[in-house]
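Descriptive analysis of the structure
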Amino acid sequence: HRVENRQLYERFALRQGQMRQRYNNDSDYGKDVMLYHGTNSTAPEKIWNGTEGFDMRFSNSGMWGQGIYFATKASYSDGYSFKKNDGTRQMFYSRVSLGHWKCLEPDQSLRMPPLKSPQDRTREGEMYDSVQGQTKGCIVYIVYLNDYAYPEFLITYK
């Protein structure tokens, strides 16, 4: 079902607007995508009904460091789904602003995306917005800032 939190959505929309402006509104970098996210042991209500939404402070370190992970396949996120007492599982189908991402091999030391290569940057010290990786036959994206994602739908299933 669709979840709504006006405060979280407004912060996401502000961040997305800044990204679109940075990429001149005509680039794929400014578009958002829908991806899956399993919350593991964190109750989904704490995310969509909280003040921070997806919160880096509670992220575990994974293959691409400490970030907020999203998958292109629900089957991948199923492994990280929240298990309720009644036997059902839950995951989010989330709106994510990836911006200009960098495809990387696993690097558990990451805490933010890497610096852009000289041909990709418009100013010195500019970083990519997110990271893309591949694991278990699934493309995953990692963002390192809370406001880059909005938990738009909560999927409950058995």
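Positions within a chain are numbered from 1, following the residues in the order the chain's sequence is written. Where totals are concerned, whole chains, interfaces and linings use all residues; where local detail is concerned, this predicted model gives features only for residues with pLDDT of at least 70, and gives and counts side-chain atom pairs only at 80 or more. Note: side-chain values were computed over all heavy atoms of the structure, leaving out hydrogens and water.

1. A look at the overall build of the chain
Just so we agree on the cut-off: Secondary structure counts use DSSP, requiring at least four H or I residues in a row for a helix and at least two E residues in a row for a strand, with both numbered from the N terminus. Atoms counted for the radius of gyration: C-alpha only. Globule rule: 2.2 Å times the number of residues to the power 0.38. Residue exposure (1.4 Å probe, protein chains only): buried if accessible area is under 20% of the type maximum, exposed if over 50%, otherwise partly exposed. For the area figures, the Shrake-Rupley method with a 1.4 Å probe applies, and any residue is considered shielded solely by the protein chains shown. The sign given to each residue is positive for Lys and Arg and negative for Asp and Glu; His and the chain ends receive no count. Lysine's charge is taken at NZ, arginine's at CZ, aspartate's at CG and glutamate's at CD.
Helix and strand counts for the chain come out as three helices and ten strands. Across the chain, helices and strands are ordered from the amino to the carboxyl terminus as α-β-α-β-β-β-α-β-β-β-β-β-β. Taken over the C-alpha trace, the chain has a radius of gyration of 15 Å; the compact-globule value for 158 residues is 15 Å, and the two agree within 12%. Considering only C-alpha atoms, the chain reaches an extent of 50 × 35 × 25 Å along its principal axes. Burial status across the chain gives 46% buried among its 158 residues. Accessible surface, the chain: about 8800 Å² in total, of which carbon and sulfur atoms supply 49%. For the chain, the separation between the mean place of its 21 positive charges and that of its 18 negative charges on side chains is 3 Å.

2. Re a nonpolar patch on the surface
Spelled out, the test is: Each patch is built from salt-bridge-free residues with over 30% relative accessible area, joining like charges within 9 Å and nonpolar side chains (Val, Leu, Ile, Met, Phe, Trp, Tyr) within 5 Å. Whenever Lys or Arg places a side-chain nitrogen within 4 Å of a carboxyl oxygen from Asp or Glu, that contact is recorded as a salt bridge.
Where nonpolar side chains cluster on the molecular surface, the patch consists of Met 112, Leu 115 and Met 127 and spans about 290 Å² of accessible area. One can find Met 112 in the loop between strand 7 (101–103) and strand 8 (130–135). The exposure class assigned to Met 112 is partly exposed, which follows from its relative accessible area of 45%.

3. A few points about the nonpolar core
Short version of the rule: By convention a nonpolar core is built from buried Ala, Val, Leu, Ile, Met, Phe, Trp, Tyr and Cys residues, the set being connected through side-chain atoms within 4.5 Å. Working rule for contacts: check all heavy atoms of both residues, and any pair within 4.5 Å makes them a contact.
Counting 18 residues, the largest nonpolar core has Phe 54, Phe 70, Val 96 and Val 143 as its most contacted members. Listing elements by their share of this core, those giving two or more residues are helix 2 (44–48), strand 4 (68–71), strand 6 (89–97), strand 9 (138–143) and strand 10 (149–157). What Phe 70 contacts, discounting residues up to four positions off in sequence, is Leu 35, Tyr 36, His 37, Phe 54, Ser 94, Val 96, Ile 139, Val 140, Tyr 141, Val 143 and Ala 149.

4. Observations regarding the packing of aromatic side chains
Rules: The rule is short: rings of Phe, Tyr and Trp, with Trp giving its six-membered ring, pair when the centres are within 6.5 Å, and they are stacked under 30 degrees, edge-to-face over 60, tilted in between.
Enumeration according to the criterion identifies ten aromatic pairs in this entry. Summarising the aromatic geometry, the rings of Tyr 93 and Phe 153 are spaced 6.5 Å apart at their centres and angled 40° between planes, so their arrangement reads as tilted. Of the two residues, Tyr 93 sits in strand 6 while Phe 153 sits in strand 10, which places them 60 residues apart along the sequence. By relative accessible area, Phe 153 is classed as partly exposed at 26%. One aromatic cluster in this structure is built from Tyr 9, Phe 12 and Tyr 150.

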